[in-house]
Structure formats: structure tokens, C-alpha cells
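Now for the letters of each chain:
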Amino acid sequence: MTKAKKIRSVSDLAVNGAAPAFQEPIHVGRPNIGSRDAFMQHVNDIFDRRWLSNNGPLVETLEHRIADLLGVKHCIAMCNGTVALEIAIRAVQLTGEVIVPSYTFIATAHALSWQGITPVFADIDPVTHTLDPEAVRRMITPRTTGILATHLWGTPCDIDALQAIADEHGLTLIFDAAHAFMTRHGSKMIGGFGKAEVFSFHATKFFNTFEGGAVTTNDDDLAHTMRLMRNFGFAGFDNVIHPGTNGKMTEICAAMGLVNLDLVDTVIQANQTNYHAYCQALNPVPGLSILPLSAAEARNYQYVVLEVSPDFPVSRDELVNTLHAENILARRYFWPGCHRMKPYRELYPHAGLVLPHTHDVADKVVVLPTGTTLPANAVDTVRDVCLALASKNNLRPV
Ligand code: T4K
């Protein structure tokens, strides 16, 4: 464990010339890694079989295990979450305009525009940070064919309201569930809602396959189509029956997935402990609050989201810079919002007018490091940095 210095006042801060609290950077998104022995055994088996990709036995096993865990009929593993989104979007035949949040990772919007579909940005609920169904309703035009909603931070969207709007207007609803693996909405696991749900298993996700992703669905025909699409449309040797691309997951990635699936409960437990420790440490500081998570929903707690209000004596960016100087690499996800990034800011220079909550939330969020590798003293150090900054204005914990 890295030993952190004690921060009692602003003069102890690295931004003011003191040594950083940690010698090595502490990242948001440090990978959680399961049993090395089990992984190496899989690697040997893969080499013995000489079957490295193309729907190998480990990919099939991983797909079955995930489908069982999520209580969904089909899980189609992919090479990453972005390609999984692109394939799902194409398979459900979205065209024209699709309504998405701007407050999401850029891949949500890019997966649409990459295939000539216009992402139309709707505002979010300022409390949950997920799409506001009434804002979605306002953005529907005759060209709208679907809604692509993100379960941001693993918080399920207002699924029932979005489904009702989709049904009312004949739209297809799919979910970007990149953050929501192993979370639940009501009695059902995320994975079986809408027409399809898309997961990311990138290295930085709490469950990773190095790179990887998956689409889950209860629709047999859709699952069949997506299996064809991820393998160039091949149905046997020399027989292409569908347009397609290369979205296949490799055996080595599936091996990582199988090993990490065995670790999932441990990771969730560690994340949950970290989350509660951050709540205890930071919620008493005036101007700071950790985004509350509903206890009723099963969570993966993979993102610890801190909101910095104008009552805090320094800006969000100053807080982030101060933490970075201590080697705590907190992130400003998903600032500034997709609509303020290329190419969307040129396409929609006035989008901000209909996205007030997106602006507000994007400007105040800091995502803090968590996971199984978080040093034991990291939460206290973050708290001490915040208290030192708060003391600039003589603020004390309430
Ligand atoms: N939809 C949503 C809502 C998403 O959040 C994402 C991905 C997607 C779709 C697309 O899924 P993928 O195609 O990625 O499967 C990261 C991830 O790269 C990205 O997967 C993730 N969302 C996003 C929220 O975060 P960056 O650019 O902010 O961080 P990155 O990849 O540089 O990693 C963060 C830190 O983690 C690094 O500074 C160092 C550390 N790290 C990273 C890797 C890869 C490690 O310590 N070890 C590692 O192996 O995007």
C-alpha cells in the first residue's frame, strides 16, 4: 500500500509545492483482475486447441453464463462496446434521427453518426443524470425512428416512461447499458429491457474482458441477425447471407471474462465499501455531495460521482487539478457533453438551449477512483484535500 502524507491545510497541498500524496497515479478505471492461475490455464487450453477467435468455445461459455446471470434469452459477445452498439443500431434498423442523451460517453452518439444516423440530443433528469422522458418527447420529429438511452453510472433509466413514449410513437427503444452490467431494475436484471441492451467490457469497466462488449436481447430473430452481422454475414463456408462487419470477441478476451465473472461479487463488494466510505467522508463537507444511489436497485457501484455545487469555495476544475497534483486522477466525465464536442458542436451550435440540465451536471461532476486496487488511505486523502480547500473559506464539516 502506498503511504499518503497528511494534509492539514492548503500549504500541505501538492499544488502549493508540497510532495504529492501518492507516488503512483490512482486512476478511475484501474482494471479489476481475477485469478491469474485460472487465466493462464485458459491460455494453455486455447493454445492446445489452436482456436483463437470466431465464436470459440470460451466465447460460447461466456455468452451462456452472462445470459443466465441476466435472465435474458440471448447474449451476443462482441469485440468492444462501440461495435456492439453499431451492430445493435443497424440490426434494429434505426435510420434518420435517433434521440440520445448528450450527457454520456461520446461512443453513444458516434455509434449513430458513424452510420449516417443523426443523433438528436435530449436533456437529462438533474437528479438521476439519465434521459428525461419529457425532454425526449419534445425532441420527436417525423424523422425520428428510435431512442438510444444510457443507463448512466449504472442507474437504470426511467425505462417504463421511455417504453411508453416509444410505443406511443412507433419508435424502437434500445439501451446503452455500458455502465449497467449486473444492475437491476425492479425484479429484472438490466439486459432484458427495450429491443436490445448493449454492454461494454472495456478494461476500465468493473467487469472487463480486456476489450469487449455484448448485446443482449429476448428477440430470437434479432439475435440471429446480430450473430450474422458480427461475422461478415457468413452462414458457413463461402456463404454470405447478410451485410456484416467484424465484431467478434477473441478467445483470450472470453478467457479474461470467465475469470473475471468469478470475481464480480468481490468487486461489487469492494466498490460498495468504497462508495459508502466516500459518502461518509465527503457528504458532510458543505458544497459537496456524492450522487445518491437507490438502495432498491442492485448496483455495481463502479462510478463514484461527486457533485461540486457553487457553495464549495473552489470550482470543480480547481478541485480536479488539486487532486491530480496529489496523483489522484479524478475525472470530469462526461464533460462537456457530446453536443459540445466535434462534430456535434458544429452541427448543433444552439443545442445547449434545450440542454440546461446537461450543462449544469456536466459542469459540476467529478468521478472518483474506486475498485479493488484503491489504496486504503485514498478516501481519507480525498476528504483531507476537500477539507483543506473548504477551509479557504473557513468552512467546516456540518
Ligand atoms: N457507452 C458508454 C456509456 C460508455 O461509457 C462507453 C465506454 C461505451 C459506450 C463504449 O464502450 P467501449 O467501446 O469502450 O467498450 C474510458 C473507456 O475507454 C471507455 O471504455 C469508457 N466508456 C469511458 C467511460 O472511459 P477514457 O478515455 O476516459 O479513459 P481511458 O480508457 O484512458 O482509461 C482511464 C484510465 O484508466 C487511464 O487513465 C488509465 C487507467 N487504465 C486504463 C486502461 C485501458 C489502466 O490503469 N489500465 C488499462 O488497461 O475512456
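Going by the structure above, here's the rest.
In this text, all values refer to a predicted model and were calculated from it rather than measured experimentally.

A.B. asks: Explanation requested: the packing of helix α10 (residues 316–325) against helix α13 (residues 378–390) in the structure shown.
C.D. replies: How two helices sit against one another is set out by the angle between their axes and by the gap between those axes. Running from N to C, α10 and α13 point in directions that differ by 130°, and their axes come no closer than 11 Å. By the angle between their directions, the pair α10 and α13 is classed as oblique. The two elements α10 and α13 cross, and the hand of that crossing is right-handed. Here Leu319, Thr322 and Leu323 of α10 lie close against α13, whose contacting residues are Val382, Val385, Cys386 and Leu389. For the contact of α10 with α13, a count of residues per class yields six nonpolar, one polar and no charged.

A.B. asks: What is the right way to look at the packing of aromatic side chains in this model?
C.D. replies: Two aromatic rings are characterised by how far apart their centres lie and by the angle between their planes. Under the criterion given, the structure shown has 18 aromatic pairs. Measuring from centroid to centroid gives 6.5 Å for Tyr303 and Tyr333, while their planes differ by 85°, and the two rings are edge-to-face. Here Tyr333 lies in the loop between β13 (328–329) and α11 (344–347) and Tyr303 lies in the loop between β11 (288–290) and β12 (304–308), a separation of 30 residues in the sequence. Both residues of the pair, Tyr303 and Tyr333, count as buried. An aromatic cluster is defined as three or more aromatic residues linked by ring pairs; in this entry it consists of Tyr103, Phe105, Trp153, Tyr303, Tyr333 and Phe334. Across from the ring centre of Phe193, 4.4 Å away, lies the NZ or CZ of Lys188, which sits over that ring.

A.B. asks: Looking at this model, I keep getting lost on the pattern of salt bridges. Mind explaining?
C.D. replies: Any two side chains of opposite charge can pair, given that their charged atoms come close. Applying the stated criterion across every chain yields a total of 18 salt bridges. A salt bridge links Asp220 to Lys73, with the shortest nitrogen-to-oxygen separation between them at 3.0 Å. Within this pair, whereas Asp220 is found in helix α7 (residues 220–229), its partner Lys73 is found in the loop between α2 (57–70) and β2 (74–78), the two being separated by 147 residues in sequence. Its relative accessible area of 41% is what places Asp220 among the partly exposed residues. Between Glu134 and Arg137 there is a salt bridge, with its nearest N and O atoms 3.6 Å apart. With Glu134 and Arg137 both in helix α5 (residues 133–138) and three residues apart, the pair spans about one turn of that helix. Connected through shared salt-bridge partners, Lys6, Asp380, Arg383 and Asp384 make up one network.

A.B. asks: I keep staring at helix α9 (residues 264–282) and nothing clicks. Help me out?
C.D. replies: Structurally, the α-helix is built with 3.6 residues per turn, so residues lying three or four positions apart point the same way. Counted at 1.5 Å a residue, the expected span for α9 with its 19 residues is 27 Å, and the 27 Å between its end C-alpha atoms agrees. Among the residues of α9, those classed as buried are Val264, Val267, Ile268, Asn271, Asn274, Tyr275, Tyr278, Cys279, Ala281 and Leu282. Across the axial projection of α9, the buried residues extend over an arc of 170°, all falling on one side. In this structure, α9 carries Asp265 and Gln280 as exposed residues pointing more than 90 degrees from its buried face. In the core, the buried residues of α9 are packed alongside α8 (251–261), β11, β12, β14 (365–368) and α13.

A.B. asks: Sorry if this is basic, but what is going on with the sheet that holds β11 here?
C.D. replies: Strand pairing in a sheet takes place through backbone hydrogen bonds and is either antiparallel or parallel in direction. Taken in spatial order, the three strands make up an open sheet running β11-β12-β14, and their pairing is antiparallel. Every other strand in the sheet has two partners, leaving β11 and β14 as the edge strands with one partner each. For this sheet, the mean inter-axis angle between neighbouring strands, taken without regard to orientation, is 30°. Relative to β12, β11 runs antiparallel, the two sharing three bridges. Residue pairing for β12: Ser289 is matched across the bridge by Glu307.

A.B. asks: Would you mind showing me how to read the nonpolar core here?
C.D. replies: For soluble globular proteins, the rule of thumb is that nonpolar side chains tend to be buried together. Judged by nonpolar contacts, the single largest core of 89 residues is most densely connected at Phe181, Leu282, Leu319 and Leu368. Grouped together as the second largest cluster of nonpolar side chains are 32 residues, Leu85, Ile87, Val215 and Tyr344 included.

A.B. asks: Even after reading the chapter, I still don't get the site of the ligand, so can you show me in this structure?
C.D. replies: Around the ligand, a shell composed of 26 residues is seen, among which Arg30, Thr82, Asp176, His179 and Ser200 lie nearest. Between the ligand and Val28 there is a distance of 3.2 Å, counted from an oxygen atom to a backbone nitrogen or oxygen. One nitrogen or oxygen atom from the side chain of Lys205 is found 2.8 Å from a nitrogen atom belonging to the ligand. Coverage of the ligand by the protein amounts to 75% of the 910 Å² it exposes when considered alone. Grouping the constituent residues of the shell around the ligand by class yields nine nonpolar, 13 polar and four charged.

A.B. asks: What is the right way to read the sheet that holds β2 from this model?
C.D. replies: Here seven strands make up an open sheet; going across it, the order is β2-β10-β9-β6-β5-β3-β4 and the pairing mixed. Whereas interior strands pair on both sides, the edge strands pair on one side only; in this sheet they are β2 and β4 (118–122). When the angles between neighbouring strand axes are averaged without regard to direction, this sheet yields 25°. In the sheet, strand β3 (residues 97–101) pairs with β4 via five bridges, with the strands oriented parallel.

Cut-offs and rules
All residue numbers refer to position in the chain's written sequence, counted from 1. Totals for whole chains, interfaces and linings use every residue, but because this is a predicted model, local features are given only for residues with pLDDT of at least 70 and side-chain atom pairs only at 80 or more, for both listing and counting. The basis for every side-chain value is the complete set of heavy atoms in the structure, and neither hydrogens nor water enter the calculation. Axis definition: a line fitted to C-alpha atoms, limited for helices to the stretch in contact. Angles are taken between N-to-C directions and run from 0 to 180 degrees. Numbering of helices and strands runs from the N terminus; a helix is a DSSP stretch of H or I covering at least four residues, while a strand is a stretch of E covering at least two. Working rule for angles: under 35 degrees goes down as roughly parallel, over 145 as roughly antiparallel, 65 to 115 as roughly perpendicular, anything else as oblique. Two helices that cross are described as forming a left-handed crossing if the nearer one is turned anticlockwise from the farther one by less than a right angle, and a right-handed crossing if clockwise. By the convention used here, residues are in contact when the closest approach between their heavy atoms is within 4.5 Å. Under this grouping Gly is polar, as are all residues other than the nonpolar Ala, Val, Leu, Ile, Met, Phe, Trp, Tyr, Cys and Pro and the charged Asp, Glu, Lys and Arg. Stacked, edge-to-face and tilted are the three classes for Phe, Tyr and Trp ring pairs, Trp counted by its six-membered ring, which pair at centre distances within 6.5 Å; planes under 30 degrees apart are stacked, over 60 edge-to-face, the rest tilted. For every residue, the accessible area (1.4 Å probe, protein chains only) is compared with the maximum for its type, and the residue is labelled buried under 20%, exposed over 50%, or partly exposed between those bounds. Only when the NZ of Lys or the CZ of Arg is both within 6 Å of the ring centre and within 35 degrees of the ring normal is a charge said to sit over the ring. Note on definitions: salt bridges are taken to be side-chain nitrogens of Lys or Arg within 4 Å of carboxyl oxygens of Asp or Glu. Expected helix span is computed as 1.5 Å times (number of residues minus one). The reported arc concerns the directions from the helix axis to the C-beta atoms and nothing else. One requirement defines pairing of two strands: DSSP has to find at least two bridges between them. What is meant by a nonpolar core is a set of buried Ala, Val, Leu, Ile, Met, Phe, Trp, Tyr and Cys residues, joined one to another through side-chain atoms within 4.5 Å. Throughout, the term near means that a residue has one or more heavy atoms lying within 4 Å of the molecule or strand in question. We call two N or O atoms a polar contact when they sit within 3.5 Å, provided that within protein one can donate a hydrogen and the other can accept it, with sequence-adjacent residues counted only if both atoms are side-chain atoms. For accessible areas, the Shrake-Rupley method is used with a probe of radius 1.4 Å. Any residue's cover is judged against the shown protein chains and nothing else.

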